[in-house]
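Descriptive structure summary
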Amino acid sequence: AAAAAAMPSDDPASTPSPVATATRVPAAITVGVCVMRKKCEKLRPLLAEMTSGGDMTVVVFEQQSILEDAVSDWPVVDVLVAFYSKGFPLAKVGEYVRLREPFCFNAI
């Protein structure tokens, strides 16, 4: 016997809602952590917890890179978390935000 061709269902429940589809979160979000080394050590437990679900990648900007590299060479991220501390180049972080336009977790 020939198999019946699959027909689209007229049942609205079987069709994904366009609203639900449009608001779905991307499979993986890249979060950039731009802090000086001393603050980063304090954040390690939080960063480990953030990545435990597998739907988030955390990229820690290296202190040397923050201080010496051009912001165009910094990693590209979806979300940026930055905390000011002594010696932190706040102006460079502002430049990065203008260049890459990440979602800022906190005011920069």
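The structure contained in this document is the topic of the report that follows. Because the structure is a prediction, the values reported are computed rather than measured.

1. Observations concerning helix α2 (residues 37–51)
The terminal C-alpha atoms of α2, which comprises 15 residues, lie 19 Å apart, in line with the 21 Å expected from a rise of 1.5 Å per residue. At L43, α2 is deflected by roughly 50°, the largest bend along its length, and proline P45 occurs up to four residues later in sequence. The secondary structure elements touched by the buried residues of α2 are β1 (29–34) and β2 (56–60).

2. A look at the environment of F105
Tracing the backbone shows F105 in the segment after β4 (103–104). Classification of F105 as exposed rests on a relative accessible area of 56%. Put simply, F105 and V33 are 72 residues apart on the chain and 9.9 Å apart in space, counted from C-alpha to C-alpha. When neighbours within four sequence positions are excluded, F105 is seen to be in contact with V79, L80 and V81.

3. Describing the packing of aromatic side chains
In this structure the tally under the stated criterion is 4 aromatic pairs. Where F61 meets W74, the ring centres are 5.7 Å apart and the plane angle is 75°; that geometry is what we call edge-to-face. Of this pair, F61 sits in the loop between β2 and α3 (63–68) while W74 sits in the loop between α3 and β3 (79–82), placing them 13 residues apart in sequence. Centroid distance W74 to Y96: 5.5 Å. Interplanar angle 35°. Geometry classified as tilted. Residue W74 is found in the loop between α3 and β3, and its partner Y96 is found in helix α4 (residues 90–100); the two are separated by 22 residues along the sequence.

Quick notes on the rules
Residues numbered from 1 in each chain as written. Predicted model: local features only at pLDDT ≥ 70, side-chain atom pairs only at ≥ 80, totals over all residues. Heavy atoms only, no water. Helix = DSSP H or I, 4+ residues; strand = E, 2+ residues; numbered from the N terminus. Expected span 1.5 Å × (residues − 1). Bend = angle between axes of the 7 residues up to and from the residue. Contact = heavy atoms within 4.5 Å. Buried < 20%, exposed > 50% of the residue type's maximum accessible area, 1.4 Å probe, protein only. Phe/Tyr/Trp six-rings, centres within 6.5 Å; stacked < 30°, edge-to-face > 60°.

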